[in-house]
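Fold and contact review
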Amino acid sequence: MLFSHFEKYFHQRHSVSAFAPGRVNLIGEHTDYNQGFVFPAAINFGTQVLAAPRTDRHVNIIALDFGGERNSFTLTGEIGFDENSTWSNYVRGVLKVLQETVGPIEGLDLLVSGNVPRGAGLSSSASFEIALLKAVNDVFSLGLNGVEAARIGQRAENEFVGCSCGIMDQLISANGRKGHAMLLDCRTLEEAHTPISADHQIVIINSNVERGLVDSEYNLRRQQCEAAALKLGVASLREADNDLLQKGKTSLTDKEFRRARHIVTENQRTVQMYSALREKNYDLVSTLMRESHLSMRDDFEITVEPVDYLVDLVHSVIGNTGGVRMTGGGFGGCIVALCPTVLVDDVKRVVADKYQAKTGFEEKVYICTAEDGAFSR
Ligand code: GAF
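This is a predicted model, so every value here is computed, not measured.

Ordered by their spatial adjacency, 3 strands build an open sheet running 2-7-8, and the pairing between neighbours is antiparallel. Each edge of the open sheet is held by one strand with a lone partner, namely strand 2 (37–38) and strand 8 (190–195). Two strands pair when backbone bridges link them, and strand 2 and strand 7 (residues 180–185) are joined in this way by 2 bridges, in the antiparallel orientation. Bridging across to strand 7, V38 finds its partner in L184.

As structure tokens, this is what we get:
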């Protein structure tokens, strides 16, 4: 179907088909841009890009999920931001940074289609960037690896799209491993993959709360973390620990102190979570994910009431046999549970009975598996 669309629109066959997954973060939130630890998995939702080369240095894109909208630009001269076509700026930004990195490339016809729920905190944009980079990499045999692709995607977001994100989403979309979660040290980019055992299921529930102000609040959190690091005399909050926080408390505003405390404790929890999952210590998994959620709610202030309620509902079913917390940048979006497989139906039933009745929002449940990244296949 997708293949015939390509031929119909571009009058040539695609030469490459690339797919990159979205992601769910099990723990380690807002720690990536503080050079800390994150623990995501790539998931069975993603973006597909079909591509074929052109010889005129033009780029034509058709986005099937945006009603077949088209966008075109040229690779000669400065690539501009398109105020009227938000989605096209991901392509523009990625190809701009790609050319700065590897040199000029030829033109492209591109067809894009994906099924990552947008605005839900499951990294639809990173999956788009990485699928695009994988497609362009394969069309022109550029020889990029997953880390190089992730850096280009992150730079495109930071410098072109205007989101000061860290590297987690792009890196897991590129380098995820089937059946595994990845502990990533965002300072060294060292990866450690650990299996998610079959007796637990990754259950993602979309609160369907619209994520208002997400970019401005996200960038503000980053500024607050950087201000706190500066006052504590460290290059990043990764360098801070509980002692330094207490000693430096009086130099920080109350908000800066709580933001920094979230990062310091979240890094500790994330490293512990890796061992807890390896050892199948679900009692500890439960505690760590609970503490992470409370820290996001009270110290980092990125949760909203319906999301807190959803987390509490799931917690009331799985107790200490699994873990549950909000996932992603925050201000709405999804929660993630590592749920004993035998309790998945109970979780669905309790949430269906109570969530919408209390909040007015209708939830959506995604039963997920951990998948390979675009560059690890
Ligand atoms: C968003 C960002 F893109 C990531 O880099 C990360 O900071 C995350 O929010 C929060 O952990 O997905």
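Picking up after the structure, the text goes on.
This next bit is on the pairing of strand 8. Examined bridge by bridge, strand 7 and strand 8 share 6 bridges and lie antiparallel to one another. Paired with L184 across the strands is E191, a residue of strand 8. Between the end of strand 7 and the start of strand 8, which pair antiparallel, lie 4 residues, with L189 showing a positive phi angle near 60°.

On to the UniProt feature "binding site: Mg(2+)" (unreviewed entry) in the protein. Those places that UniProt annotates as "binding site: Mg(2+)" (unreviewed entry) correspond, in this numbering, to S125 and E157. These annotated residues cover 33 residues of sequence, and their C-alpha atoms lie no more than 9.0 Å from one another, placing them together at a single site. Here S125 lies in helix 3 (residues 124–140). Within the secondary structure, E157 sits in helix 4 (residues 146–161). For E157, a count of 24 C-beta atoms within 10 Å puts it in the buried group. Beyond its immediate chain neighbours, meaning those up to four positions away, E157 contacts C163 and C165.

Before going further, it helps to examine the site of the ligand. All residues adjacent to the ligand are N25, E29, H30, D32, Y33, S123, C165, G166, M168, D169, G328 and G329. Considering only residue class, the shell around the ligand consists of 3 nonpolar, 6 polar and 3 charged.

The UniProt feature table records "active site" (unreviewed entry) at D169. In this structure, D169 sits in helix 5 (residues 168–175). The exposure class of D169 is buried, given the 31 C-beta atoms found within 10 Å. The residues touching D169, leaving out its near neighbours within four places in the chain, are R23, S123 and A126.

In this section: the packing of helix 10 (residues 305–318) against helix 11 (residues 344–359). Running from amino to carboxyl end, helix 10 crosses helix 11 at an angle of 150°, the nearest separation of the two axes being 10 Å. The angle between helix 10 and helix 11 places the two elements in the roughly antiparallel class. Crossing of helix 10 over helix 11 shows right-handed handedness. The residues of helix 11 that touch helix 10, namely those facing P306, Y309, L310, L313, V314, V317 and I318, are D346, V347, V350, V351, K354, Y355, K358 and T359. A breakdown of the residues in the contact of helix 10 with helix 11 according to their chemical character gives 11 nonpolar, 1 polar and 3 charged.

Parameters at a glance
- Residues numbered from 1 in each chain as written.
- Predicted model: local features only at pLDDT ≥ 70, side-chain atom pairs only at ≥ 80, totals over all residues.
- Pairing = 2+ DSSP bridges.
- Helix = DSSP H or I, 4+ residues; strand = E, 2+ residues; numbered from the N terminus.
- UniProt positions renumbered as here; feature names shortened; annotations may be inferred.
- Buried ≥ 20, exposed ≤ 12 C-beta atoms within 10 Å, placed from the backbone.
- Contact = placed C-beta atoms within 7 Å.
- Near = placed C-beta within 6 Å.
- Nonpolar A, V, L, I, M, F, W, Y, C, P; charged D, E, K, R; others polar.
- Axes fitted to C-alpha atoms, helices over the stretch in contact; angles between N-to-C directions.
- Parallel < 35°, antiparallel > 145°, perpendicular 65-115°, else oblique.
- Left-handed = near helix turned anticlockwise from the far one by under 90°.

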